[in-house]
Amino acid sequence: MTADSSKNERYNAREAETRWQHVWDERGIYATKNDDPRPKYYVLEMFPYPSGRIHMGHVRNYTMGDVVARYKRAMGNAVLHPMGWDAFGMPAENAAIDRKVHPKEWTYANIATMKKQLQSMGLSLDWAREIATCNPSYYKHQQKMFLDFLKAGLVERKQSKVNWDPVDHTVLANEQVIDGRGWRSGAVVEQRELTQWFFKISDYSEELLTALDTLDRWPDKVRLMQKNWIGRSEGLLLRFMLDPGTAPNKETELEIFTTRADTLFGAKFMALAPDHPLAQAAAAKNPKLAAFIEQCRHMGTSQAAIDTAEKLGFDTGIKALHPFDPTWKLPVYVANFILMDYGTGAIFGCPAHDQRDLDFVNTYGLGNTPVVCPPGQDSKTFVITTTPYDGDGRMINSRFLDGMTNEEAKEAVAKRLERETRGNRPVAQRQVNYRLRDWGISRQRYWGCPIPIVHCNKCGVVGVPEKDLPVTLPEDVNFDKPGNPLDRHPTWKNVKCPKCAASARRETDTMDTFVDSSWYFARFTDPWNEKSPTTPAAVNAWLPVDQYIGGIEHAILHLLYSRFFTRAMHKTGHTGMDEPFAGLFTQGMVVHETYRSKSGDWVEPANVKIDGIGDARHATLATTGEPLEIGSIEKMSKSKKNTIDPDDIIAAYGADTARWFMLSDSPPERDVIWTEEGVQGAWRFVQRLWRMVGEIADVSGPSTRPTEFGPQSQKVRKAAHGALSHVSDDIAKLRFNRCVAHIYEFANALSDAIGEAETAPAPDLAWALRESGDILVRLFHPMMPHLAEECWAALGHKTLVATEAWPALEPDLLVENTITLPVQVNGKKRADVTVARDAGKADIEAAVLALDAVIKALDGKRPKKVIVVPQRIVNVVA
RNA sequence: GCGGACGUGGCGGAAUGGUAGACGCAAGGGACUUAAAAUCCCUUGGGAGUAAUCCCGUCCCGGUUCGAGUCCGGGCGUCCGCACCA
């Protein structure tokens, strides 16, 4: 076959891509109808925050979703594949402060830019369903649901802490607290108590936990992370008597929660959260304690900040009496690592078996007594110094518990104390506790969904009547001063009470942006409904999302909140199901090498020249030749300047090349390293496919399928159907990198076949080559849709490949008559044996023992055993 | 600190407990070309040997197994999340 072809000019990606995008657009082939009778498939990628421009992480995420969407369409499904904007959030306010641009203007400009960028990627999205969460047409429904949740008892107001910047007089997000100081002012942050709105997600702790078992298409690691986050623990509520003379206001007891009642005889101290009522009472009479509690307030509110801070305490002078020995007095401390939110805000400390407690006693010289002896340890010599023992074992130093296992001891303690009563209550009660806290949704910020509440002096908290929704954000705001512009707006918050018409104030807090993203997937099913958040027929037909794809960083919060919100919507009649996402896939990040100059400045990859290989690799500044340090491979970020702009890549190579490369190198759940060589490899493959298809297009095959295929045709057909089988399987399981490898293998086999063919191949081969071409194009279409359309047309088809069915597999072609099995001797491979596909074990064994290599390895001895694993391997045990 | 993951050639990676290194990249050699680009062909984990072939190799140390990259225990290293970033 000659290489001369009318189609051997290079593929012009840029020209072809915009051309095909117009064709798809004009024919509206990606618009989804809610009355489509075919089996539904809802594929969704986590919608982006409109930060300015799309980044490579978006390209990776949306390409994966698009592959699934296109594959499912080809498989005959009605596919819902929408896109929108998670458009509220702090960066818009930061832009307003830093650049004097209104958050709304900034956000919509970003949306316009990013929409254009996404469109240039050739994604098969139904843009008619586009939503932006900052649009009142979206958030008015969210306000309606807030009020419905309120009526259903799913919302409450309570106190909680925020990071307070005492200089800027503003609430800070955890990410705005750097080393305990405000990011703009540099002032040491304080904790402040505010009355805030909460969704009662903790009502669903058990339900959210047990239902994880039903999510069998979620990654195990995400389910495990959620399980640990919910943190169910079975323990004991236990009332300690206080030594009467020591209590500040004649308090008689202190109630604690423990999961380690077995270690009660190892107790060395009691500890209270700084906010605990008893701590507060003691502080009122002790200025030094009050000062200590004040000091605890100068700590960030994040868990990591609390856990990594030095364990500090203050002895209140109060003594608690041991439940099994009233003469045993334990000192009561206030400690900075005890949380008021968890359990009762008080604990007993057993330093020998808990790291935090041990750190604490080592600071305050309270000592420790081991009470659980690890198996195999001598109880007489077992001591604890710097590492506590938190495993199971036998009880020691524990009076009546001695000799029991620690699990038996837990039971014994519980049984004894729950029978004892003081007042009308038992001294101890078994209790199931959860780490999961209620979801605080109040934010003291402008750019978020207003909470539809009016505060009236007479009527209290009043919901805004439905007819007055949406409560829209005022646009005439300024960001000259720190703090919430809604709060200092001259008129916006002044309203009449909906109940009594007296002067009242609007709630000026807005909602956490996680609320916006907790139901957008439901809104996509009918974004045109102006009357209510969802349309039952649509939402119940489309949900749950069949395949949800997004970053692992959302493994806990976004996904857990959405699971709760869907249940809350169910309870209030907005959905008919509990779980929003039947299938979940979490993809890895896009990372890139970093480069630094001698002076420590980061350098963009575009300005770096790399020479040498392996250890000899070195980098220089392209312009001056100044040597650069090659740094670690890190998540692309503006601060490290290791970003690649998708626009540049699409302009230089086209969207298909970028899409292909994003899928090709790494397993999708793992990080992928962006390299220039990798992109060029993808680009060469695009051109190679185009040339190959051109050569196949020149072959004129018979119009009807031949009845017989010769060896050459058989070989290429096996390659085609083998690839079809693998690629189908790989896409269905989202193993895109393997899918790419199989397409490469098929392309290699096909170019061999083309190379071996005569100028005018026999009809059976010509037919097989054309069949292979048709299969090849449809196989890579989900990944490179523009190139696929161009190739499909080049092969003479008048249809769009985007609307074509997936190729039909001929399974007979995958079956071989003989198989070659590897032969091991003592687990090491020594030879191969080729046998009939259906050969019995005895036949295989005989064939194996006759092999020269086996005879030599056995050296005349009889084999002890021959293990034949059907279709797999033979192992001779000598 | 707590929770979760990951670790295989020069590089990204492949491998239902069953031939370690598919496929791609990079590198080296060759063909074509006045030359270059592009393209095509060959080689490519390390070591020994003319060769057939053999030995060593999946972060480290142990264990289970006929057989371990894969399972179990203990280390080391890297990364992610931690409730007001999205």
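K.L.:
Just checking my understanding: could you explain the overall build of chain A for this structure?
P.N.:
What chain A contains, in helices and strands, is 26 helices and 38 strands. With the principal axes as the frame, chain A shows a C-alpha extent of 105 × 85 × 65 Å. Expressed as a percentage of the 878 residues in chain A, the buried residues total 52%. Nonlocal contacts in chain A, meaning residues at least 24 apart in sequence, comprise 71% of its contacts between residues at least 6 apart. Total accessible area computed for chain A in this model is approximately 39,600 Å², and 50% of it derives from carbon and sulfur atoms. When the 107 basic and 113 acidic side-chain charges of chain A are each reduced to a single mean position, those positions are 4 Å apart.

K.L.:
Which parts of the structure should I look at to understand the sheet that holds strand β24 (residues 460-463)?
P.N.:
The pairing of strands in a sheet comes from backbone hydrogen bonds and takes either a parallel or an antiparallel form. The four strands lie next to each other as β24-β23-β26-β25, forming an open sheet whose pairing is antiparallel. Since the sheet does not close on itself, it has two edges, and those belong to β24 and β25 (494-496), each with one partner. Between one strand axis and the next, the sheet turns through 40° on average, direction left out of account. With two bridges connecting them, strand β23 (residues 453-456) and strand β26 (residues 503-506) associate as antiparallel partners. Its bridge partner being in β26, Val454 is matched across the sheet by Arg506.

K.L.:
Would you take a moment to explain the protein's contact with RNA strand B for this structure?
P.N.:
Taken together, 64 residues form the shell around RNA strand B, and within it Asn174, Arg445, Arg738, Glu745 and Asn875 come nearest. For RNA strand B, the fraction of atoms within 4 Å of the protein that belong to sugar or phosphate moieties is 64%. At 3.0 Å from a base nitrogen of RNA strand B is found a side-chain nitrogen or oxygen belonging to Gln444. Note that a phosphate oxygen of RNA strand B is positioned 3.0 Å from one of the side-chain N or O atoms of Lys828.

K.L.:
Looking at this model, I keep getting lost on the packing of aromatic side chains. Mind explaining?
P.N.:
The geometry of an aromatic ring pair comes down to the distance between the two centres and the angle between the two planes. Under the defined criterion, the tally for this structure stands at 44 aromatic pairs. Plain terms: the ring middles of Phe88 and Trp447 are 5.0 Å apart, the flat faces sit at 80° to each other, and that makes the pair edge-to-face. Pair noted here: Phe88 is in the loop between β3 (84-85) and α3 (90-99) and Trp447 is in the loop between β22 (442-443) and β23, with a separation of 359 residues, a long-range link. Across the pair, Trp447 and Phe88 agree in class, each one buried. With a centroid separation of 6.2 Å and an interplanar angle of 35°, the aromatic rings of Phe265 and Trp328 are classed as tilted. Pair noted here: Phe265 is in the loop between β11 (253-258) and β12 (269-272) and Trp328 is in strand β14 (residues 325-335), with a separation of 63 residues, a long-range link. Among the aromatic residues, ring-to-ring pairing joins Phe146, Phe149, Trp197, Phe199, Tyr204, Trp439, Phe514, Tyr561, Phe564 and Phe565 into one connected group. The ring of Trp492 carries Arg506 above its face, with NZ or CZ at 5.3 Å from the centroid. Over the face of the ring belonging to Trp218 we find Arg563, whose NZ or CZ atom lies 6.0 Å from the ring centre.

K.L.:
Looking at this structure, I do not really get the environment of Glu745. What am I missing?
P.N.:
With respect to the element layout, Glu745 can be found in helix α22 (residues 736-756). Separated by 132 residues in the primary sequence, Glu745 and Val877 have C-alpha atoms spaced 36 Å apart.

K.L.:
Which parts of the structure should I look at to understand the sheet that holds strand β28 (residues 547-551)?
P.N.:
If you walk across this open sheet you meet the four strands as β2-β1-β28-β29, and the pairing is parallel. The outermost strands of the open sheet, each flanked by one partner alone, are β2 (78-80) and β29 (584-587). The mean inter-strand angle of the sheet, taken between neighbouring strand axes irrespective of direction, is 20°. The sheet contact formed by strand β1 (residues 40-45) and β28 spans three bridges and is parallel. Across the sheet, residue Leu44 finds its bridge partner in β28, namely Tyr548. Its contacts with the sheet put helix α2 (residues 56-74) on β1, β2, β28 and β29, and the angle it makes with β1 is roughly 175°.

K.L.:
Is there a simple way to think about the pattern of salt bridges in this case?
P.N.:
Between side chains of opposite charge, a pair can form as their charged atoms come close. Summed over all chains, the structure comprises 49 salt bridges. Between Asp354 and Arg356 there is a salt bridge, and its shortest N-O distance comes to 3.9 Å. Residue Arg356 is classed as partly exposed on the basis of its relative accessible area of 40%. Here Arg735 ties to Asp729 by a salt bridge, and the two come within 3.1 Å at their closest N and O atoms. Looking at Asp729, the relative accessible area reads 33%, which means it is partly exposed. Because the salt bridges share partners, they merge into one network encompassing Lys144, Asp148, Lys151 and Glu466.

K.L.:
Help me understand the nonpolar core in this model?
P.N.:
If you look at soluble globular proteins, the nonpolar side chains tend to sit buried side by side. Ranked by internal contacts, the top residues of the largest apolar core, which has 177 residues, are Phe146, Phe199, Tyr520, Trp674, Ile743, Phe780 and Met783. If we skip the residues at most four places from it in the chain, Phe780 touches Leu689, Ile743, Leu787, Ala788 and Cys791. Grouped together as the second largest cluster of nonpolar side chains are 41 residues, Phe265, Phe348, Cys350 and Ala414 included.

K.L.:
Help me out: how do you make sense of the pairing of β29 in this one?
P.N.:
Looking down a regular strand, the side chains alternate between one sheet face and the other. On β29, burial covers both faces: Leu584 and Thr586 on one face and Phe585 and Gln587 on the other are all buried. Relative to β29, β28 runs parallel, the two sharing four bridges. Across the sheet, Gly550 pairs through a bridge with Thr586, a residue of β29. Each parallel crossover has a hand, and for β28 linked through helix α17 (residues 557-571) to β29 it is right-handed.

Rules of the game
- Residues numbered from 1 in each chain as written.
- Chains lettered and ligands numbered in written order.
- Predicted model: local features only at pLDDT ≥ 70, side-chain atom pairs only at ≥ 80, totals over all residues.
- Heavy atoms only, no water.
- Helix = DSSP H or I, 4+ residues; strand = E, 2+ residues; numbered from the N terminus.
- Buried < 20%, exposed > 50% of the residue type's maximum accessible area, 1.4 Å probe, protein only.
- Contact = heavy atoms within 4.5 Å.
- Areas by Shrake-Rupley, 256 points an atom, 1.4 Å probe, with all protein chains shown as cover.
- Lys, Arg positive; Asp, Glu negative; His and termini not counted.
- Charge placed at Lys NZ, Arg CZ, Asp CG, Glu CD.
- Pairing = 2+ DSSP bridges.
- Axes fitted to C-alpha atoms, helices over the stretch in contact; angles between N-to-C directions.
- Near = heavy atom within 4 Å.
- Polar contact = N/O pair within 3.5 Å; in protein donor to acceptor, adjacent residues only side chain to side chain.
- Phe/Tyr/Trp six-rings, centres within 6.5 Å; stacked < 30°, edge-to-face > 60°.
- Lys NZ or Arg CZ within 6 Å of the ring centre and 35° of its normal.
- Salt bridge = Lys/Arg side-chain N within 4 Å of Asp/Glu carboxyl O.
- Core = buried A, V, L, I, M, F, W, Y, C linked by side-chain atoms within 4.5 Å.
- Right-handed = clockwise from strand over helix to strand, strands pointing away.

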